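Next come the chains, spelled out residue by residue.
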Amino acid sequence: TASPFSRLVPGARRSGAMSYEMLADVTFGSRLRLFVIALIAAVTWLVIIAYLLLSGQLAVALYGAVFGNVSEDNPWAKRVSLSVVVLLALPASCMRSLHAVRYLSMLSLAAVVVLIGMLGMRTACRLR
């Protein structure tokens, strides 16, 4: 049995629609086209928020590993590290192309590697 998605691609090619919005316009009219545009905008915005939250949590963990534990008694350390991540990543996250995020992705990957190294060193010291 063919899934609906495997039928969607050939149907879209036959209709001449080259995007989800145009496919919705050809099949159901302009109202659904606007709905699809709103859904794509919402999903894109949610992905930006998720990226910023994950990067912020990584920054908090990295800050805690470098400068000592970030406790619940000191919420300013969390706020500052989250604010720095938002100020650095938000402009690049809102670009039209993912090309702008490539350096931030490499920075995030480097931060993960450093954090894993620090956790590994701390674990090795405690096992001795």
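Parameters at a glance
- Residues numbered from 1 in each chain as written.
- Predicted model: local features only at pLDDT ≥ 70, side-chain atom pairs only at ≥ 80, totals over all residues.
- Heavy atoms only, no water.
- Axes fitted to C-alpha atoms, helices over the stretch in contact; angles between N-to-C directions.
- Helix = DSSP H or I, 4+ residues; strand = E, 2+ residues; numbered from the N terminus.
- Parallel < 35°, antiparallel > 145°, perpendicular 65-115°, else oblique.
- Left-handed = near helix turned anticlockwise from the far one by under 90°.
- Contact = heavy atoms within 4.5 Å.

### Regarding the packing of helix 2 (residues 20-28) against helix 3 (residues 30-67)
Here's step 1: Where helix 2 meets helix 3, the closest approach of the two axes is 7 Å, and the angle between their N-to-C directions is 155°. By the angle class used here, helix 2 and helix 3 are roughly antiparallel. With respect to the hand of their crossing, helix 2 and helix 3 are arranged in right-handed fashion. Every residue of helix 3 that contacts helix 2 at Y20, E21, M22, A24, D25 and F28 is listed here: S30, L32, R33, V36, I37 and I40.

### Quick word on the environment of L82
Here's step 1: Structurally, L82 can be placed in helix 4 (residues 75-93).
Here's step 2: Through-space distance from the C-alpha of L82 to that of L54 is 9.9 Å; in sequence the pair is 28 residues apart.
Here's step 3: Setting aside chain neighbours within four positions, we find L82 in contact with G56, Q57 and V60.

Honestly, that's just the spatial picture; any functional story needs more than this.
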